[in-house]
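# Observations on chain architecture
Listed below are the residues making up each chain.
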Amino acid sequence: MIQDVTKQETVPFGDAVLATRDTCIGSEICEELWTPHSPHVDMGLDGVEIFTNASGSHHVLRKAHTRVDLVTMATAKNGGIYLLANQKGCDGDRLYYDGCALIAMNGCIFAQGSQFSLDDVEVLAATLDLEDVRSYRAEISSRNLAASKVSPYPRVKVDFALSCREDLLEPPSEPIEWTYHSPEEEISLGPACWLWDFLRRSRQAGFFLPLSGGVDSAATACLVYSMCREVCEAVKQGNQEVLADVRTIVDELSYTPQDPRDLCGRVLTTCYMASENSSQETCGRARELAQQIGSHHIGLNIEPAVTAVVGIFSLVTGRRPLFAAHGGSSRENLALQNVQARLRMVVAYLFAQLSLWARGARGGLLVLGSANVDERRPRGRVWAVRRRLWSPEASRTPKLEPVDGEMLLKPPWLPDQVRLLQCRRQPHWWYQQDRPEGLCPVLRGTLPASRPAGEDMGMTYAELSVYGRLRKVAKSGPYSMFCRLVTMWKDVCSPRQVADRVRRFFSKYAANRHKMTTLTPAYHAESYSPDDNRFDLRPFLYRAGWPWQFRCVEDAVSWTQVLPHFWRLSRRRWLAPAEGWKAFCGRRCHDCPCVRQGTSVGRVLFLLCYSQEQPWGRGPRCRFQTAPASGRAHVL
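Reading the values: the criteria
- Residues numbered from 1 in each chain as written.
- Predicted model: local features only at pLDDT ≥ 70, side-chain atom pairs only at ≥ 80, totals over all residues.
- Heavy atoms only, no water.
- UniProt positions renumbered as here; feature names shortened; annotations may be inferred.
- Helix = DSSP H or I, 4+ residues; strand = E, 2+ residues; numbered from the N terminus.
- Buried < 20%, exposed > 50% of the residue type's maximum accessible area, 1.4 Å probe, protein only.
- Contact = heavy atoms within 4.5 Å.
- Areas by Shrake-Rupley, 256 points an atom, 1.4 Å probe, with all protein chains shown as cover.
- Core = buried A, V, L, I, M, F, W, Y, C linked by side-chain atoms within 4.5 Å.
- Domains from an automatic or database assignment.
- Pairing = 2+ DSSP bridges.
- Axes fitted to C-alpha atoms, helices over the stretch in contact; angles between N-to-C directions.
- Salt bridge = Lys/Arg side-chain N within 4 Å of Asp/Glu carboxyl O.
- Parallel < 35°, antiparallel > 145°, perpendicular 65-115°, else oblique.
- Left-handed = near helix turned anticlockwise from the far one by under 90°.
- Phe/Tyr/Trp six-rings, centres within 6.5 Å; stacked < 30°, edge-to-face > 60°.
- Disulfide = S-S within 2.5 Å.
- Patch = residues over 30% accessible without salt bridge, like charges linked within 9 Å, V, L, I, M, F, W, Y side chains within 5 Å.
- Expected span 1.5 Å × (residues − 1).
- Right-handed = clockwise from strand over helix to strand, strands pointing away.
- Nonpolar A, V, L, I, M, F, W, Y, C, P; charged D, E, K, R; others polar.
- pLDDT = per-residue confidence, 0-100.

Per an unreviewed UniProt entry, the protein chain is named Glutamine-dependent NAD(+) synthetase, and its organism is Enhydra lutris kenyoni. Recorded in UniProt under Catalytic activity (unreviewed entry), the annotation for the protein chain is "deamido-NAD(+) + L-glutamine + ATP + H2O = L-glutamate + AMP + diphosphate + NAD(+) + H(+)". Database annotation for the protein chain, UniProt heading Subunit (unreviewed entry): "Homohexamer."

Written as structure tokens, this is what we have:
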């Protein structure tokens, strides 16, 4: 049919621009803005004055700065008007698209869209003068020289104009300063909007969140409260779609949310599941948190179920496992922790499915789990409730750094002056926070008032953050991570200590990496997320021993121990001991039976040989175990 109308047998394929009566319009798509040589560069040199970009850029903490910088720099270097439209909301995946539309010209922002909003559609408008673009470009002589050498784009002529005579009476828009959200605001608003999209699409009646009295579950509860706060604000601003969704979720056609605490009490059920290892402090904090945000709170004790499960094992095997605090092994200790954690999961799903039924309400609840991104990588599991593969309703939020999660809970950003962590001043707060939800007993007088976070993993959260960024963002393996950390931590760790820590991390990483394949839907707010579904596509099975990589690390450690005795760097000259040592550049020493090839120190590659009798080792793989403490040196 099209061929009959156009009388064409072939159609040109590729990039083209639209030429109107008064200007020229080009378009690029999403990722093209982030590429080293974006299409807008050549388009601008070819005379295109207006650029459009229909983007699908998901939210990551502090990403708005990069996005705005890319657009402003694109128009500052080349001139022109840039229109950026970005997707909004949850697309049914593990991402949240945060909008953040904008209009820029000649390196300045003229219109800014909201970054976090429950509105499905948002329209920006600005009045700009095309003559400003032309005069701006005329002032850049180097740009004009480059424009004379660019290949022209095919032009599709369109018989209309974007401007008219009446526009003379329209005052042009003035530049504005971009208003950025603080990291605390991003943490609170982004996951809140994602939770709302997840809830309204699933058509469930709310969320069920187990509270431990620690910071992770408290942060997740704050995010649900933040969601309720955003919903109330959207209803006050007249968003009828949000109002209709709220009434469907709470199953009350006349309900209009006005108070976030009231809405939170309808859509959030929290639960503290105590065991014999739980403390009154964590129980009190969970209860106080629920009162402050207005959630429907349940307190129960799972100890009868734990005793029954352990009793079945003892009845069959004739042996009873003990906690490490009572003399048990680490395997017994971990098994008893897992019994409590998995029973909490079963109880959580039971209450999520039937708690509303018991209260005479309709629907079920989505189970929320809490975790931080750092402890996912080496451990591959969380302390809180975990979704089974057959469960159709659970979700998990969010994956943040522990430092970012704590910022969410600090005044004055807490919504409506809610003060969740005033109890931080109480004794044992950090200790109780870091304990795995009361899974292990505490012997009175045997533990300090506080302990470093992550002690159970053998590494702190600060170290985990460094490991995670080097592994995910820098693509570092064991050897390259050791090379980075040996200089980064030179003031606090010896090379041997760095090697031990790298080995510990990668051993746990390899042992638990396969568990990433069972991650539930989650809000990923960090660029180094360990989720294998989209962000980290590395294999999920590794050799836990890392034999070749760890051998390279050991060689590097041995070399750093030998290096201070045999090499000194002074004014870019290498000094070597005179007793039988020689250095070669790319050639093998045929007079020496012991040659060490490929030893790297920094960015220098050496071939070393030892020509005296009885060298340390034989052949190309010899290792230097000891070295003389002194020796006369000469310049090579």
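Back to the write-up after that little detour.
### Comments concerning the overall build of the protein chain
Across its full length, the protein chain carries 19 helices and 21 strands. When burial is assessed residue by residue, the protein chain has 49% of its 636 residues classed as buried. Intrachain contacts of the protein chain at a sequence separation of at least 6 include 72% that bridge at least 24 residues. Total accessible area on the protein chain stands at roughly 32400 Å², and carbon and sulfur atoms take up 54% of it.

### What to know about the nonpolar core
By size, the foremost hydrophobic cluster in this structure holds 47 residues, and its most contacted members are Leu195, Trp196, Phe207, Met227, Val231, Val242 and Leu263. A per-element tally of this core places helix H7 (residues 215-236) first, with eleven residues. The residues that make up this core include at least three from each of domain 1 (10-180) and domain 2 (182-370). Trp489, Val498, Phe550 and Val557 belong to the second-largest nonpolar core, a separate cluster that totals 23 residues.

### A word on the sheet that holds strand E3 (residues 50-55)
Spatially, seven strands are ordered E8-E7-E4-E3-E2-E1-E9 in an open sheet, and the strand pairing comes out mixed. Two strands bound the open sheet, and with one partner strand each, they are strand E8 (108-112) and strand E9 (155-157). Across the sheet, the mean angle from the axis of one strand to that of its neighbour is 20°, orientation sign disregarded. Two elements, strand E7 (residues 102-105) and E8, share four bridges in a ladder whose sense is antiparallel. By the bridge assignment, Ala104 is partnered in E8 with Ile109.

### Points about the pairing of E7
Remark: a regular strand shows side chains that alternate across the two faces of the sheet. Side-chain alternation along E7 places Leu102 and Ala104 on one buried face and Ile103 and Met105 on a second face that is also buried. With four bridges joining them, strand E4 (residues 81-86) and E7 adopt antiparallel strand pairing. Note on E7: the bridge partner recorded for Leu84 is Leu102. Counting the residues between successive antiparallel strands, the hairpin from E7 to E8 contains two residues, one of them, Asn106, with a positive phi of roughly 55°.

### A closer look at the pattern of salt bridges
Here the structure, examined in full by the defined rule, presents 17 salt bridges. The shortest N-O distance in the salt bridge between Arg21 and Asp159 comes to 2.8 Å. Of the two residues, Arg21 is situated in the loop between strand E1 (17-19) and strand E2 (24-28) and Asp159 in the loop between E9 and helix H6 (183-202); the sequence distance between them amounts to 138 residues. For the pair Arg21 and Asp159, a shared accessibility class is recorded, and that class is exposed.

### Some thoughts on the packing of H6 against helix H8 (residues 240-250)
At a minimum axis distance of 10 Å, the contact between H6 and H8 shows a crossing angle of 60°. Considering the angle they form, H6 stands oblique to H8. The interaxial crossing formed by H6 with H8 has left-handed handedness. Along its contact with H6, which presents Trp196, Leu199 and Arg200, the element H8 presents Val242, Asp245, Val246 and Ile249.

### Some details on the packing of aromatic side chains
Scanning all chains against the criterion turns up twelve aromatic pairs. With a centroid separation of 5.2 Å and 75° between ring planes, the pair formed by Phe506 and Trp546 is classed as edge-to-face. Here Phe506 is found in helix H18 (residues 495-512), whereas its partner Trp546 is found in the loop between strand E15 (522-524) and helix H19 (547-566), with 40 residues between them in sequence. A centroid spacing of 5.8 Å and a plane angle of 45° characterise the contact between Tyr509 and Tyr542, whose relative ring orientation is tilted. Taken together, the residues Tyr509 in helix H18 and Tyr542 in the loop between E15 and H19 connect sequence positions 33 residues apart.

### Structural notes on the state of the cysteines
Overall, the coordinates contain zero disulfides when judged by the stated rule. Free cysteine Cys228: the closest other cysteine sulfur is in Cys264, separated by 4.5 Å. Taking the relative accessible area as the measure of exposure, Cys228 reaches 0% and is therefore buried.

### Observations regarding the environment of Val466
Within the secondary structure, Val466 is located in helix H16 (residues 461-472). Assessed through its relative accessible area of 22%, Val466 is described here as partly exposed. Residues Val466 and Leu485, spaced 19 residues apart in sequence, show a C-alpha to C-alpha distance of 9.0 Å. Apart from residues no more than four positions distant in its own chain, Val466 is found in contact with Leu485, Met488 and Trp489.

### Things to note about a nonpolar patch on the surface
Taken together, the side chains of Met1, Ile2 and Val5 make up a nonpolar region of the molecular surface, amounting to roughly 420 Å² of accessible area. Here Ile2 lies in helix H1 (residues 2-6).

### Description of helix H3 (residues 63-78)
Helix length check: H3 (16 residues) gives 23 Å between terminal C-alpha atoms against 22 Å at 1.5 Å per residue, within 8%. Note on H3: the residue one or two positions beyond its end, Gly79, has a positive phi of about 70°.

### Describing H16
Between its terminal C-alpha atoms H16 stretches 16 Å, which fits the 16 Å expected from twelve residues at 1.5 Å a residue. Most of H16 is tucked away: nine of the twelve residues are buried. Those residues of H16 that fall on the buried side of the exposure criterion are Tyr461, Glu463, Leu464, Ser465, Tyr467, Gly468, Leu470, Arg471 and Lys472.

### A look at the pairing of strand E11 (residues 268-274)
Of all seven residues in E11, seven are buried, a share of seventy percent or more. As defined by bridge partners, strand E10 (residues 207-210) adjoins E11 across four bridges and the pair is classed as parallel. Bridge pairing in E11 links Phe207 to Leu268. Considered for its hand, the β-α-β crossover made up of E11, helix H10 (residues 280-293) and strand E12 (residues 296-301) is right-handed.

### Quick notes on the packing of helix H11 (residues 303-317) against helix H12 (residues 330-358)
At a minimum axis distance of 10 Å, the contact between H11 and H12 shows a crossing angle of 130°. Our classification of the angle between H11 and H12 gives oblique. Pair H11 / H12 crosses with right-handed handedness. Of the residues in H12, those touching H11 at Ala305, Val306, Val309 and Val310 are Leu336, Val339, Gln340 and Leu343. Broken down by class, the residue content of the contact of H11 with H12 amounts to seven nonpolar, one polar and no charged.

### Thoughts on the confidence of the model for the protein chain
The predicted coordinates of low-pLDDT regions are not to be read in fine detail. Chain-level pLDDT for the protein chain is 78 on average; 74% of the residues reach the 70-or-more range. Under a pLDDT of 50 for its full length, residues 379-399 has, in the predicted model, 95 contacts with residues more than four places off or in other chains. Counting contacts from residues 409-436, a segment whose pLDDT is below 50, to residues more than four positions away or on other chains yields 66 contacts.

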